[in-house]
Amino acid sequence: MPLKHVDKPNIPVKTKHEIPVKSKTPIAYPVPVKGPKPHLNPIKEIQQRVAQAKELLMKKQHEETKKLLNLLHKKVRSKEETLSNDSFIHHNYEEMTWLLKDYAKNFKNIARLYNIGSSVQNRKLWVMEISNNPGKHEPGEPEVKYIANMHGNEVVGREVLLQFIQYLCLNYGQYRRVTDLVDTTRIHILPSMNPDGYEMAASDGGRWNIGRKNADGVDLNRNFPDQFFPSTTGDPQPETMAVMKWIDSIPFVLSASFHSGALVANYPYDDNPSGQSSYSATPDDDVFRQLARSYSEAHPTMHLANTPWKCKDVPREHFIDGITNGAKWFSITGGMQDYNYVHSNAFEVTLELGCEKFPNASSLPEYWQDNKEALLVYLEQVGTNCIL
């Protein structure tokens, strides 16, 4: 069968010039923007970032704390330099009175001056109270006291306590430790219990025993009622009676009396029924040992086996840890520390600050520096397991 003829469609033919030519310029495809790769554990990443932030914050806080501490230390040092640059002198009764009145006037928010009586020669027995609420007993706030110059010729404690009053006044509100102590404790300081004896000792050039007794010739540390023996010094002297009434009027819990002639912290009892020099323990012997040791160990040399000794004419004595039981050292009757313990709630120790009784004034700055820390540490025993 013959094939049919089919007409081809009329398709236009493009010339060579009409055929599109492939461009030599490559096509600009979008380039992906680089970014953080997707994390498989976003929680871990957050934790790492938090840790880094904490590290930076801690570093910054550490630097700021360090700067603050340096600033505070400079302030404290400047206050202490003020004390150390002062003229350390022996203050007679008039000078001491003026000084105490000046502190009470300039620091009346924490300082109050009062007297507990008069000496035989009618000199007032001044007491400086340091407290955030002076003049008022606050329930729960411990009452403490420091007494010096009971023996008129033993003057180191007198001058150390005058410096301590100044130190507390200047550093309250400036030094956290002092501020806390004053805010939580009512502190009473009697710089001179025997002002008459002091004047006698000072007028005589501070010889060894001149002025030790009061103006009636009585040793005040043998004049208190004794628990074992009748008095050997007669009725209580005006100075003794003033302190006894003071103890009855305020519920003291802690006390210390400052002396010179040795370097040791001495604790009760001072005597025993036999009258012999042998250990005489109170029912609270462990507490007294801890109190005595707190002062001795805070003192740079008192606790040492071989303490520095300035007095060639006075035999050196050695005490284990710088403490001793009073009666074991030597037995006395009518002592003040025993009276405090037997007749009140006050735990009192006797602190011997060195062999020199009336040293040259040039030695006073050294005595102050040696005792400053111990004075604070001893008062800080209130509120601890030692004194509650």
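In case you missed it, the structure is sitting above this.
What you see is a predicted model, and the numbers here were worked out from it, not measured in a lab. (Residues numbered from 1 in each chain as written. Predicted model: local features only at pLDDT ≥ 70, side-chain atom pairs only at ≥ 80, totals over all residues. Heavy atoms only, no water.)

Enquirer: I tried to follow the pattern of salt bridges on my own but got confused; where do I start?
Expert: For side chains bearing opposite charge, pairing can occur when the charged atoms are close. Under the criterion given, the structure shown has 16 salt bridges. The residue E380 makes a salt bridge to R177 at a minimum N-O spacing of 2.8 Å. One end of the pair, E380, is in the segment after α10 (364-379); the other, R177, is in helix α4 (residues 176-184), with 203 residues separating them in the sequence. Given a relative accessible area of 28%, E380 falls into the partly exposed group. E356 is paired through a salt bridge with K310; the nearest N and O atoms lie 3.9 Å apart. In this pair, E356 is assigned in the loop between β8 (347-354) and α10 and K310 in the loop between α7 (285-298) and β7 (323-325), connecting sequence segments 46 residues apart. The network of salt bridges with shared partners includes E154, R212, D219, R222 and K357. (Salt bridge = Lys/Arg side-chain N within 4 Å of Asp/Glu carboxyl O. Helix = DSSP H or I, 4+ residues; strand = E, 2+ residues; numbered from the N terminus. Buried < 20%, exposed > 50% of the residue type's maximum accessible area, 1.4 Å probe, protein only.)

Enquirer: Just checking my understanding: could you explain the layout of surface pockets for this structure?
Expert: Unfilled space is identified by rolling a water-sized probe across the atoms. The computed volume of the largest pocket comes to approximately 310 Å³. Lining of the largest pocket is provided by 21 residues; of these, R212, S260, W329, F330 and E352 occupy positions nearest its centre. Looking at the lining of the largest pocket, the elements with two or more residues in it are β6 (262-267), α8 (326-329) and β8. Considered class by class, the residues forming the lining of the largest pocket number six nonpolar, eight polar and seven charged. (1 Å grid on protein atoms, 1.4 Å probe; cavity = no way out; pocket = protein on both sides within 12 Å on 5 of 7 lines; lining within 4 Å. Points joined across faces, edges and corners; volume = space filled by probe spheres on them. Nonpolar A, V, L, I, M, F, W, Y, C, P; charged D, E, K, R; others polar.)

Enquirer: I keep staring at the side chain of Q337 and nothing clicks. Help me out?
Expert: Along the chain, the position of Q337 falls in helix α9 (residues 336-343). At 3.1 Å, the side chain of Q337 and the side chain of D270 are in polar contact. The contact partners of Q337, leaving out residues within four places of it in the chain, are N266, Y267, P268, D270, E348, V349 and T350. (Polar contact = N/O pair within 3.5 Å; in protein donor to acceptor, adjacent residues only side chain to side chain. Contact = heavy atoms within 4.5 Å.)

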